[in-house]
Amino acid sequence: MNDHDPARELLSRFREGPVPVESAPEQAIRTLQEAGVEFTRTNGKVHLEVLPNYAWPRIEYGLQAPCTVSVHQTLESTNDQARNAAKAGQRDHAIFAVEQTAGRGRRDRTWDSPPGGVWGSLVLTPQLPPHKSGLATFAAAVAVVDMARESGVSAEIKWPNDVQIANNGKVNKLAGVLTERGGGQESWLIIGFGINADIPAATLPTGATSLRVETGDAVDRAAVARSVLERVYDLVDDPSRTLSAWRDRTATLGQRVSVQTESESIVGEATDVTETGALIIDTGSRNRTVTTGDCRHLRSA
Ligand code: BT5
């Protein structure tokens with residue numbers, strides 16, 4: 001049981017309209033007010049007037065996904081916070097931070113996380129076996145691409161976890177996904193996504209772009225978060241839909257690539273992905289299957 005649960009329940013009732021004063025618990029109203037929600041009272045009814053900008057009530061209001069949400073001002077890493085929540089038994093909960101002080105990429109690389117991004121981690125009970133965890137990364141990458149395309153931004157996926165935007169031969173990174181899993185019997189899956197949403201050009205790292213830069217408009221981070229959570233839930237337990245959606249949205253297949261693994265660099269044509277999300281590379285002499293690595297798209301000869 002979470003302190004916010006009566007507040008969540010009340011919040012969802014406002015979707016049908018104003019709520020009679022006598023059936024709106026004072027404590028729930030107070031919890032929502034503390035999160036920035038504003039109400040008025042007229043004719044014995046409570047009216048929801050203002051949802052705060054980027055806070056859990058704004059993301060949860062109208063959310064079509066079976067998860068709860070929390071938004072923190074500053075965290076070291078939402079994936080670390082999510083891991084603690086997972087170990088404490090929480091599932092179907094998404095943790096966001098306005099900014100991260102130690103955001104992580106793969107192989108402990110630094111993830112720049114200034115305010116304006118959507119830095120979030122979703123804790124799930126995994127439904128697929130461990131060797132298919134990579135498909136959760138695929139589901140999140142598809143979710144981000146679809147959200148971007150709905151805003152008119154033609155994003156694409158670079159294997160395995162980058163969402164990028166190609167413009168006049170220049171490619172910039174819009175988002176990355178970091179999936180982690182653990183826990184033996186009480187197992188958990190964390191899908192961390194870093195999306196450069198409402199970030200101006202001046203605060204982006206080199207090689208990055210944002211929805212704000214691409215559209216020229218301010219971006220509603222709560223709407224971005226909602227859209228991605230909904231699409232992730234839509235796909236994550238369905239490997240065949242995830243794979244076909246991923247194949248439709250990737251720029252990697254059919255490309256000449258160079259993939260740097262822990263031990264070697266493999267160059268060839270990326271021909272397909274396996275049912276676990278590994279990349280198949282035709283090196284000219286044989287097919288190689290790569291499960292993890294950093295992929296570069298090379299110019300065709
Ligand atoms: C990723 O790693 O792309 C996964 C990034 C996942 C970040 C999210 S934010 C919420 C959650 N909490 C966390 O702590 N992490 C997750 P990788 O493929 O290893 O790419 C990392 C590289 O991307 C870095 O070495 C930089 O070159 C570049 N980079 C760093 N910050 C960036 C940004 N904001 N936008 C674009 N590129 C960035």
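Not measured: the values here are computed from a predicted model.

A.B. asks: Could you give an account of helix H1 (residues 5–13), naming the residues involved and the relevant values?
C.D. replies: Along H1, the residues that are buried comprise Ala7, Arg8, Leu10 and Leu11. What you see down the axis of H1 is that its buried residues fit within an arc of 165°, all on one side. Turning to H1, the residues buried within the fold contact strand S1 (19–20), helix H2 (26–34), strand S3 (45–50), helix H3 (56–60) and strand S4 (68–75).

A.B. asks: Tell me about the nonpolar core, residues and numbers included.
C.D. replies: Formed by 77 residues in total, the largest nonpolar core has its most connected members in Phe96, Val118, Trp159, Ile191, Ile195, Leu211 and Leu229. No other element matches the 12 residues that helix H5 (residues 134–150) contributes to this core. Each residue touching valine 118, except ones within four places of it in the same chain, is listed here: Tyr54, Phe96, Phe193, Gly194, Ile195, Ala197, Arg221, Val224 and Ala225.

A.B. asks: I'd like to hear about the packing of H5 against helix H7 (residues 221–235), residue by residue, with values.
C.D. replies: In contact at an axis separation of 8 Å, H5 and H7 are set at 135° when each is read in the N-to-C sense. Classified by the angle between their axes, H5 and H7 sit oblique to one another. The way H5 lies across H7 gives a crossing that is right-handed. Together, Ala139, Ala140, Val142, Ala143, Val144, Asp146, Met147 and Glu150 of H5 and Val224, Ser227, Val228, Arg231, Val232 and Leu235 of H7 make up the contact between the two elements. Partitioning the contact of H5 with H7 into residue classes produces 10 nonpolar, one polar and three charged.

A.B. asks: Let's hear about the sheet that holds strand S14 (residues 287–290): which residues, and what values?
C.D. replies: One open sheet accounts for five strands, arranged S14-S13-S12-S11-S15; its pairing is antiparallel. Unpaired on one side and paired on the other, S14 and strand S15 (294–298) mark the two borders of the sheet. Along the sheet, successive strands turn relative to each other by an average axial angle of 45°, direction set aside.

A.B. asks: Explain the packing of aromatic side chains to me, using residue names and the numbers behind them.
C.D. replies: All chains considered together, the criterion is met by five aromatic pairs. Their ring planes at 35° and their centres at 5.4 Å tell us that phenylalanine 14 and phenylalanine 39 sit as a pair that is tilted. Of this pair, phenylalanine 14 sits in the loop between H1 and S1 while phenylalanine 39 sits in strand S2 (residues 38–42), placing them 25 residues apart in sequence. With a relative accessible area of 4%, phenylalanine 14 lands in the buried category. The class of phenylalanine 39 is buried, set by a relative accessible area of 15%. When the centroid spacing of 4.2 Å and the interplanar angle of 10° are considered together, the rings of phenylalanine 138 and tryptophan 246 count as stacked. Of this pair, phenylalanine 138 sits in helix H5 while tryptophan 246 sits in helix H8 (residues 239–249), placing them 108 residues apart in sequence. Phenylalanine 138 sits in the buried class, given a relative accessible area of 1%. A network of ring pairs unites the aromatic residues Tyr54, Phe96 and Phe193 as a single cluster.

A.B. asks: How would you sum up the packing of H1 against H2? Please name residues and give values.
C.D. replies: Between H1 and H2, whose axes approach to 8 Å, the crossing angle comes to 85°. Between H1 and H2, the crossing angle belongs to the class labelled roughly perpendicular. Contacts between H1 and H2 involve Pro6, Ala7, Leu10 and Leu11 on the former and, on the latter, Ala28, Ile29, Thr31 and Leu32. Counted by class, the contact of H1 with H2 contains seven nonpolar, one polar and no charged residues.

A.B. asks: Any chance you could break down the site of the ligand for me, citing the residues and the numbers?
C.D. replies: Taken together, 25 residues surround the ligand, and among them Ser77, Arg104, Arg109, Lys173 and Asn196 come closest. Residue aspartate 112 places a main-chain N or O atom 2.9 Å away from a nitrogen atom belonging to the ligand. In the model, a nitrogen atom of the ligand is placed 2.8 Å from a nitrogen or oxygen of the asparagine 196 side chain. In isolation the ligand has 790 Å² of accessible area, and contact with the protein removes 88% of it. Contributing elements (two or more residues each) for the shell around the ligand: helix H4 (78–87), strand S6 (118–124), strand S9 (170–182) and strand S10 (188–195). For the shell around the ligand, the leading source of residues is S9, giving four residues. Taken together, the residues of the shell around the ligand sort by class into six nonpolar, 13 polar and six charged.

The rules behind these values
Along each chain, the written sequence defines residue order, and numbers are assigned to residues from 1. Restriction of local features to residues with pLDDT of at least 70 applies here, the model being predicted, together with a cutoff of 80 or more for giving and counting side-chain atom pairs; totals for whole chains, interfaces and linings are based on all residues. Only hydrogens and water are set aside when side-chain values are computed; all heavy atoms of the structure are taken into account. Whether a residue is buried, partly exposed or exposed follows from its accessible area with a 1.4 Å probe, protein chains only, as a fraction of its type maximum: under 20%, in between, or over 50%, in that order. Strands here are runs of E lasting at least two residues and helices are runs of H or I lasting at least four, both read from the DSSP assignment and numbered beginning at the N terminus. Note: the arc covers the axis-to-C-beta directions of the helix. We call two residues contacting when some pair of their heavy atoms lies within 4.5 Å. Here the nonpolar core consists of buried residues drawn from Ala, Val, Leu, Ile, Met, Phe, Trp, Tyr and Cys, with membership extended through side-chain atoms lying within 4.5 Å. For every element, the axis is a line fit to its C-alpha atoms; helices are fit only across the contacting stretch, and the angle between N-to-C directions ranges from 0 to 180 degrees. When an angle is under 35 degrees it counts as roughly parallel; over 145 it counts as roughly antiparallel; between 65 and 115 it counts as roughly perpendicular; any other value is oblique. Take the far helix as your reference; a near helix turned counterclockwise from it by less than a right angle gives a left-handed crossing, and one turned clockwise gives a right-handed crossing. Here the term charged refers only to Asp, Glu, Lys and Arg, the term nonpolar to Ala, Val, Leu, Ile, Met, Phe, Trp, Tyr, Cys and Pro, and the term polar to all other amino acids, Gly among them. Being paired, for any two strands, means DSSP has found at least two bridges between them. Only Phe, Tyr and Trp rings take part, Trp by its six-membered ring, and two of them pair if their centres are within 6.5 Å. Stacked means planes under 30 degrees apart, edge-to-face means over 60, and tilted covers everything else. Summary of the distance rule: residues count as near a molecule or strand when at least one heavy atom falls within 4 Å of that molecule or strand. In the analysis that follows, any N or O atom pair within 3.5 Å is treated as a polar contact, provided that within protein one partner can donate a hydrogen and the other can accept it, and provided that, for residues neighboring in sequence, both atoms belong to side chains. Using a 1.4 Å probe, the Shrake-Rupley method yields the accessible areas, and only the shown protein chains count as cover for residues.

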